[in-house]
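# Structure at a glance
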Amino acid sequence: MHQITYRILLRKEPEGGYTVTVPTLPGCVTFGGTIEEAIAMAKEAIEVYLEDLTDRGEEIPTEEDTLEYTLTVEAYA
């Protein structure tokens, strides 16, 4: 077994807590009441997601060829 690194995105929710998504793993979404809890929940969700892919014989996605940029644009609301 080897280690794989995934980016996670945490979004603060108006009612409290944080929703976490894993961009490379479609549908891998979880929630935590604090940042620390959200990160722990994300780790667990990723592990379950990968285990499910392995059980079904599917390829494990990685971020090896992923480039990440942040863009700022003008918004007219």
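Here is a short report on the structure shown in this document.

The rules behind the values
- Per chain, residue numbering runs from 1 following the sequence as it is written.
- Note on the predicted model: pLDDT of at least 70 is required for a residue's local features to be given, and 80 or more for side-chain atom pairs to be given and counted; whole-chain, interface and lining totals, by contrast, use all residues.
- Values reported for side chains reflect all heavy atoms of the structure, with hydrogen atoms and water molecules removed beforehand.
- Patch construction takes residues with relative accessible area above 30% that form no salt bridge. Like charges are linked within 9 Å, and nonpolar side chains (Val, Leu, Ile, Met, Phe, Trp, Tyr) are linked within 5 Å.
- Per-residue accessibility takes into account occlusion by the displayed protein chains alone, with areas from the Shrake-Rupley method and a 1.4 Å probe.
- Any carboxyl oxygen of Asp or Glu within 4 Å of a side-chain nitrogen of Lys or Arg constitutes a salt bridge here.
- Numbering of helices and strands runs from the N terminus; a helix is a DSSP stretch of H or I covering at least four residues, while a strand is a stretch of E covering at least two.
- Here's how the labels work: a residue is buried when its accessible area is under 20% of the maximum for its type, exposed when over 50%, partly exposed in between, all with a 1.4 Å probe on protein chains only.
- Here, a strand pair is defined by DSSP locating no fewer than two bridges between the strands.
- In this scheme, a helix's expected span is set at 1.5 Å multiplied by one less than its residue total.
- Think of it as the arc spanned by the lines of direction from the helix axis to the C-beta atoms.
- The contact rule is simple, with two residues in contact once any of their heavy atoms fall within 4.5 Å.

On to a nonpolar patch on the surface. Nonpolar side chains collect at one region of the surface, where L10, I35 and I39 lie side by side and expose about 230 Å² of accessible area between them. Relative to the elements of secondary structure, I39 occurs in helix α1 (residues 35–55). On the basis of relative accessible area, I39 is assigned to the partly exposed category, the value being 41%.

We now examine the pairing of strand β1 (residues 9–12). By the bridge criterion, 4 bridges tie β1 to strand β2 (residues 18–21) in an arrangement that is antiparallel. Note on β2: the bridge partner recorded for K12 is Y18. If you look at the hairpin formed by β1 and β2, you'll find 5 residues sitting between the two strands, and G16 has a positive phi there, around 110°.

With that settled, consider α1. Under the 1.5 Å per step criterion, the end-to-end length of α1 is 30 Å for 21 residues, consistent within 8% with the ideal 30 Å. Within α1, the full set of buried residues consists of A38, A42, A45, I46, L50 and L53. All buried residues of α1 lie within an arc of 130° about the axis, which places them on one face of the element. α1 presents E36, K43, V48, E51, T54 and D55 as exposed residues on the side facing more than 90 degrees away from its buried surface. Summarising the contacts, the buried residues of α1 are in contact with β1, β2 and β3 (29–32). Immediately beyond the C-terminal end of α1, within one or two residues, lies G57, with a positive phi of roughly 75°.

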